[in-house]
Amino acid sequence: MSSFATRYGASPLHLLLVLCSFALTGYAGIRLLAGDRPWAVVLWFVGAALLHDLVLLPLYTVTDRALRTVLDGRPRHRADDAGSRPSRGRINYVRVPAFVSGVLFLVHFPLVLGRVDHFTAYTTLPGDVFLGRWLLITAALFGLSALVLLLRLWRSGPRARHR
Amino acid sequence: MSDGDSKDDGRGSGRGGADRAPRRRTGGGVPPPVGRGSTLQEPAPSSRGFRGFLRTGPPVGPTRPEFWRSPLRGPWLTSAFGAVLLIGIPVLFVTGLLSYAAYNPDLGANDKTPDRGWLGFYLFAWPTDPHWLYRLTQGVHVTLGIVLVPVLLAKLWSVVPRLFTWPPVRSVSHALERLSVLLLVGGALFEFATGVLNIQLDYVFPGSFYPLHFYGAWVFIGAFVVHVAFRIPLMVRMLRGGGLREELRHPAGRAARPVPDGGGLVAPDPAPPSISRRGALSMVGAGSLALLVVNAGQSIGGSWRVTALLAPRGQDPGPGPNGFQVNKTAAGVGIRARDVGPAWRLVLRGAGQERVLSRAQLLALPQHRAALPIACVEGWSTEDQLWSGVRLRDLAALVGHPHLPPGVFVQSAQRSGSFRSTTLRDNQVRDPRSLLALRVNGADLSPDHGYPARVIVPANPGVHNTKWVTRLTFGDGT
């Protein structure tokens, strides 16, 4: 048992569970790939993971970092420099509405970008409203955030002056 | 991604936690970086060689723990997102399986997945009560799926350092787990992507939606169960005993309680926090809430529909008795005027008999009314509409099935599309609310709603309420 664990790297139960899962994957996977374009399905399956991990995630990480550099001035390097209080910078007033607007776009991009030519032919509904709506929602989100920031500034202003 | 390394769960066997932390940082005899956080300033080890490289990996880049700077990452945050998905994903899976069952794929014409084998082990006769059942299950499936998108993204973000773990493979068990995690992440993204595209009619995925989404779900769920089994002890440990409130109150970058083993998630050299843990959770929650607000209305209907600003079915098609959602228009599926004009006839068959009826003859039969919704696999639905027409069981009686009618094979004038014919089960035919509808809300059906006649059955998925019906065959192969 323990020599098995040394060689395998985990307990036999681990191996059984993984093999059980792979068998189910195989059973369903054969069927998933039984269509006309099996390689396209594999590409979508693996490509989805790669696209997310190597494109989408780095993209928004870099965007966030750039935003932080711009808004918070010189980047501080260590946690100790900043004290324990987070959000010293006001970056979150940009970050939060940008994130919300971003996920709305990510989910609804086919309609927002007007990719679906047959939308109106199928549904009778106008298909050109979504871009405008998304932009208005985005405007409202940033506007709301600006309002909250203004409110905070206004409320903390007098106190700061009295100090 | 979170390459479920069982050793990190503290159930470890071979190597204890003690030799793990310094493994990647001091390998090759290099002292831990004392720098200002930039991995670029780390002195390059002189005597690394190929073996050293294998052991410690490239001197810079995402395989180095110092590369990951966010003070938010850690097993606690991952566990918090994981807990939400642990509840959400099984609900998605079950409602998905229910939707599959609602299509009665075991009946002749309905089967889009003839090779399902044991994956359809649970299939049952889809009920007609309550009449809003499919509205509910599919509305939950689609809306919840959309709402979980930010949580899924946040979960993946929280574990991304583990994608680059070095060495890439430590043992056989580690290799198997990484393969399983590829299936987990690929499967999750594949399912979410195909679902989100399908509800917006963007059919770019490689094949028919039904087999892709159904078999993809089974591939995914196998990996999901393994992942949960390996990870749940750690998750419970992280979230147990009021840890939630404690962690939320604590600033990012400093765990409220000592983390026994960061699992490679806690940044060794964190950047100053720019958002608290509470803030990060709230931001993800705000994303989910926004998606809920701009989508849920298309499933709730009524005056809520206009709130579904970005949902495909957030607009009403127009006023009047026929002013409710159209799945696909007559023109969209190639219905020609002569298919549904005065020459239209309904052919009834069953028990060796055949009847041909005009619309006027159908209107002369006893008319019944039923208030039933249209509910689509895409998640949208309408409120109850008041349909009137001839009961399916009365039509069965006309062709030799006076009592306990069998199922029926329904064919449409529609010339293309995978749902131009349907098989309904006997329990659906026998329900007194199941109609061959001729009118709706006091007016004749509009062409887009299936004029001259359409099927309407309680709790039936929308596409099985066949429009432009030309032929009903009772019994015999159903």
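As the structure is a prediction and not an experimental result, all values here were calculated from the model.

1. Quick word on the overall build of chain B
The helix and strand tally for chain B stands at 13 helices and 10 strands. Every one of the 478 residues in chain B was classed for burial, and the buried ones make up 60%. Sequence-distant contacts, at least 24 apart, represent 71% of the contacts inside chain B between residues at least 6 apart. When the accessible surface of chain B is totalled, it reaches about 18300 Å², and 63% of it is carbon and sulfur.

2. Here's the deal with the pairing of strand β7 (residues 435-440) of chain B
Residue and element names in this part refer to chain B. Within β7, five of the six residues are buried, which leaves it mostly tucked inside the rest of the structure. Relative to β7, strand β4 (residues 385-391) is paired through five bridges, and the arrangement is antiparallel. Looking at the pairing, Gly389 lines up with Ala437 of β7. Direction of pairing for β7 relative to strand β9 (residues 454-456): antiparallel, over a ladder of three bridges. Its bridge partner being in β9, Leu436 is matched across the sheet by Val455. Direction of pairing for β7 relative to strand β8 (residues 443-444): antiparallel, over a ladder of two bridges. When the bridges of β8 are listed, Val440 appears paired with Ala443. In this antiparallel pair of consecutive strands, β7 and β8, the connection spans two residues, and Asn441 shows a positive phi of 50°.

3. Considerations on the packing of helix α5 (residues 149-159) of chain B against helix α6 (residues 172-199) of chain B
Helices that pack against each other are described as a pair by the angle of their axes relative to one another and the distance between those axes. Residues and elements named next belong to chain B. At a minimum axis separation of 12 Å, α5 and α6 run at an interaxial angle of 155°. Accordingly, the angle class assigned to the pair α5 and α6 is roughly antiparallel. By crossing handedness, the relation of α5 to α6 is classed as left-handed. On the side of α5, the interface is formed by Val149, Leu152 and Leu156, while α6 contributes Val185, Ala188, Leu189 and Phe192. Taken together, the residues of the contact of α5 with α6 break down into seven nonpolar, no polar and no charged.

4. Things to note about the interface of chain B and chain A
On the side of chain A, 71 residues touch chain B, which itself brings 91 residues to the contact. Carbon and sulfur atoms supply 71% of the area that chain B and chain A bury against each other, a total of about 7200 Å² over both sides. Taken together, chain B and chain A are joined by one salt bridge. Between Asp202 of chain B and Arg115 of chain A there is a salt bridge, with the nearest N and O atoms lying 2.6 Å from each other. For the pair chain B and chain A, the number of links is 17 residue pairs in polar contact (both at pLDDT 80 or more).

5. Some points on the sheet that holds strand β1 (residues 346-350) of chain B
Residues and elements named next belong to chain B. Reading across the sheet, the five strands line up as β2-β1-β10-β5-β6 and stay open at both edges, with mixed pairing between neighbours. The open sheet has two edge strands with one neighbour each: β2 (353-357) and β6 (421-424). Pairs of neighbouring strands in the sheet enclose a mean axial angle of 15°, with direction left out of account. Sheet topology note: the β1/strand β10 (residues 469-474) ladder contains three bridges and is parallel. Each residue of the ladder has a partner; that of Leu348, found in β10, is Leu472.

Conventions adopted
Residues numbered from 1 in each chain as written. Chains lettered and ligands numbered in written order. Predicted model: local features only at pLDDT ≥ 70, side-chain atom pairs only at ≥ 80, totals over all residues. Heavy atoms only, no water. Helix = DSSP H or I, 4+ residues; strand = E, 2+ residues; numbered from the N terminus. Buried < 20%, exposed > 50% of the residue type's maximum accessible area, 1.4 Å probe, protein only. Contact = heavy atoms within 4.5 Å. Areas by Shrake-Rupley, 256 points an atom, 1.4 Å probe, with all protein chains shown as cover. Pairing = 2+ DSSP bridges. Axes fitted to C-alpha atoms, helices over the stretch in contact; angles between N-to-C directions. Parallel < 35°, antiparallel > 145°, perpendicular 65-115°, else oblique. Left-handed = near helix turned anticlockwise from the far one by under 90°. Nonpolar A, V, L, I, M, F, W, Y, C, P; charged D, E, K, R; others polar. Buried area = accessible area lost by both parts, 1.4 Å probe. Salt bridge = Lys/Arg side-chain N within 4 Å of Asp/Glu carboxyl O. Polar contact = N/O pair within 3.5 Å; in protein donor to acceptor, adjacent residues only side chain to side chain.

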